Amino acid sequence: MISFDTGPTGVVPDYWYPSSLNRLATCSLQFAYSCDPAFSNILRKSNTFAAIGTIAHQLTELVWKRGLNGTPIDDLKRVLEQKWDEFAHSSYEKLCGEWDGREVPPPKDWPYFSMTRARTIRRLVNEVTEHRSNANVSRNAPRPLIETELVDESLRLKGIPDRVTFTDDGFYVFDIKTGHAVEEISTPYRRQLLLYAHLVKKHTGLEPLAVALIRAGGDVIWEDVTSADIDDCVAHVMDSIKRYSKVAKTDPLSLASPSTDACRFCDYKAVCKAFWEDQDPEWEEHRGVVGEVIEVIDESTFRVRQIWPQNDEGREVGVSNVPLPTSVGDHVSIVDGYLRDGGLRGNWYTKILKVS
């Protein structure tokens, strides 16, 4: 049983990836939890937004690696739709496996699924059409890197950029982002792209020209970058790694940086004392509840006496649609449910676990 006072082991990984460094920058404790199987094997689960991103990446990689080169343009849209649906079915089965016993909605009911599907397929049809019409022009251009793992052994840094293209003057790094709210190259995206650029420069010796995000619809958000930008980014993340390594094994719980942005999509908030003790009023009813079970109606309906959040400590909360066999006296932590007017209603993705 997980305790709020037992933190993660504070593992320092053998290699660092841009995604892990972004997690480290957001909340170092969140990263430490993700490295500890005692927590990650229980709490880390996929969601529909990540699944849609994975499907879009799979389909794009198939096209970029010329997996559909023999498909006539007139048939391309139909074939891409078929492939998308195959990838979506696989992602749905994976979600069902991770959320065992929950009624995961089918892909057609996932938020932004249909819109992302249509936009991604339209983008890829346009890309293939343009590429084939310019085939003779681009024949002598260096081959791009597609989903190629690059390594800097001196910094113990690895990364797999979605796409890197080359010119006589240098290179461009592209990353696919399917999120509906992506409007700019935010700080985490910029960090990720610059770390990819560092790896490409290390691998090729060429200079960076720009980095870019490709949105689902095909529009591209650009930023010109230089080697100095890369060096500044690398120096900053190396400092972050040193700070983390210094305290991770001795006092991992001190690494917490709770906030509504950092915690909202964190897999480990259910067991994080700093999350439950955070006083930000923006949480309102969206945090959940920790409490002692005082009455059991059935395996998904029961009542708890609230312990956290502490501003309503002692309140009795009716919990429904949250499946977990419980007994009176158990202590439970419930997140990603809607708490209001003395009741908490769960969703298929609501997390609940017994805690000490």
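No experiment lies behind these values; they were computed from the predicted model shown.

### As for the overall build of the chain
At step 1: Along the backbone of the chain there are eleven helices and 14 strands.
At step 2: Each principal axis of the C-alpha atoms in the chain carries an extent, and together these give about 75 × 50 × 30 Å.
At step 3: Burial statistics for the chain: of 356 residues in total, 44% are counted as buried.
At step 4: In the chain, of all internal contacts separated by at least 6 residues, the share reaching a separation of at least 24 is 64%.
At step 5: With the model as given, the accessible surface of the chain reaches about 17,900 Å², and the carbon-plus-sulfur share is 48%.

### Re the nonpolar core
Nonpolar side chains tend to gather and get buried jointly when the protein is soluble and globular.
At step 1: Trp16, Leu21, Val173 and Tyr244 are the most contacted members of the largest nonpolar core, which totals 55 residues.
At step 2: Setting aside its immediate chain neighbours within four residues, valine 173 contacts Pro161, Arg163, Val164, Leu193, Tyr196, Ala197, Val200, Ala210, Val211 and Ala212.
At step 3: Ranked by size, the runner-up nonpolar core spans 29 residues in total, among them Ala51, Ile55, Trp110 and Phe113.

### Digging into helix H8 (residues 187-204)
At step 1: The first and last C-alpha atoms of H8 sit 25 Å apart over 18 residues, in line with the 26 Å expected at 1.5 Å per residue.
At step 2: All of the buried residues along H8 are Arg191, Gln192, Leu193, Leu194, Leu195, Tyr196, Ala197, His198, Leu199 and Val200.
At step 3: Note on H8: the residue one or two positions beyond its end, glycine 205, has a positive phi of about 80°.

### Structural notes on the sheet that holds strand E9 (residues 301-308)
At step 1: Strand order in the open sheet made by the seven strands is E12-E13-E10-E9-E8-E11-E14, with mixed pairing throughout. Each end of this open sheet is capped by a strand with a single partner; those strands are strand E12 (338-340) and strand E14 (351-354). This sheet shows a mean twist of 30° between the axes of neighbouring strands, independent of strand direction.
At step 2: As defined by bridge partners, strand E8 (residues 289-298) adjoins E9 across seven bridges and the pair is classed as antiparallel.

### Details of the packing of helix H4 (residues 48-64) against helix H5 (residues 73-98)
At step 1: At their nearest, the axes of H4 and H5 sit 9 Å apart, and the two run at 140° to each other. Here H4 is positioned oblique relative to H5, judged by the angle of their axes. You can see that H4 and H5 cross each other, and the crossing is right-handed. Contacts between H4 and H5 pair Thr48, Ala51, Ile52, Ile55, Ala56, Gln58, Leu59, Leu62 and Val63 from the former with Leu80, Lys83, Trp84, Phe87, Ala88, Ser91 and Leu95 from the latter.
At step 2: For the contact of H4 with H5, the residue count by class is twelve nonpolar, three polar and one charged.

### Overview of the packing of aromatic side chains
Think of a pair of aromatic rings as described by two things: how far the centres are apart, and how the planes are tilted against each other in angle.
At step 1: In total, this model carries 14 aromatic pairs according to the counting rule given.
At step 2: Here the aromatic rings of tryptophan 99 and tryptophan 348 are separated by 5.4 Å at their centres, their planes lie at 75°, and the arrangement is edge-to-face. Taken together, the residues tryptophan 99 in the loop between H5 and helix H6 (113-133) and tryptophan 348 in the loop between strand E13 (343-345) and E14 connect sequence positions 249 residues apart. The burial state of tryptophan 99 is the same as that of tryptophan 348; both residues are buried.
At step 3: Judged by centre distance (5.8 Å) and plane angle (85°), the rings of tryptophan 110 and phenylalanine 113 are edge-to-face. Each of the two residues, tryptophan 110 as well as phenylalanine 113, counts as buried.
At step 4: These aromatic residues form a ring-pair network of at least three members: Trp16, Phe31 and Tyr244.
At step 5: Between the NZ or CZ atom of arginine 156 and the centre of the ring of tyrosine 15, over which it lies, the distance is 4.1 Å.

### Observations concerning a nonpolar patch on the surface
At step 1: On the surface, a cluster of nonpolar side chains totalling about 280 Å² of accessible area is made up of Phe49, Tyr112 and Met115.
At step 2: Position of methionine 115 among the secondary structure elements: in helix H6.
At step 3: Its relative accessible area of 32% is what places methionine 115 among the partly exposed residues.

The rules behind these values
Residues numbered from 1 in each chain as written. Predicted model: local features only at pLDDT ≥ 70, side-chain atom pairs only at ≥ 80, totals over all residues. Heavy atoms only, no water. Helix = DSSP H or I, 4+ residues; strand = E, 2+ residues; numbered from the N terminus. Buried < 20%, exposed > 50% of the residue type's maximum accessible area, 1.4 Å probe, protein only. Contact = heavy atoms within 4.5 Å. Areas by Shrake-Rupley, 256 points an atom, 1.4 Å probe, with all protein chains shown as cover. Core = buried A, V, L, I, M, F, W, Y, C linked by side-chain atoms within 4.5 Å. Expected span 1.5 Å × (residues − 1). Pairing = 2+ DSSP bridges. Axes fitted to C-alpha atoms, helices over the stretch in contact; angles between N-to-C directions. Parallel < 35°, antiparallel > 145°, perpendicular 65-115°, else oblique. Left-handed = near helix turned anticlockwise from the far one by under 90°. Nonpolar A, V, L, I, M, F, W, Y, C, P; charged D, E, K, R; others polar. Phe/Tyr/Trp six-rings, centres within 6.5 Å; stacked < 30°, edge-to-face > 60°. Lys NZ or Arg CZ within 6 Å of the ring centre and 35° of its normal. Patch = residues over 30% accessible without salt bridge, like charges linked within 9 Å, V, L, I, M, F, W, Y side chains within 5 Å. Salt bridge = Lys/Arg side-chain N within 4 Å of Asp/Glu carboxyl O.

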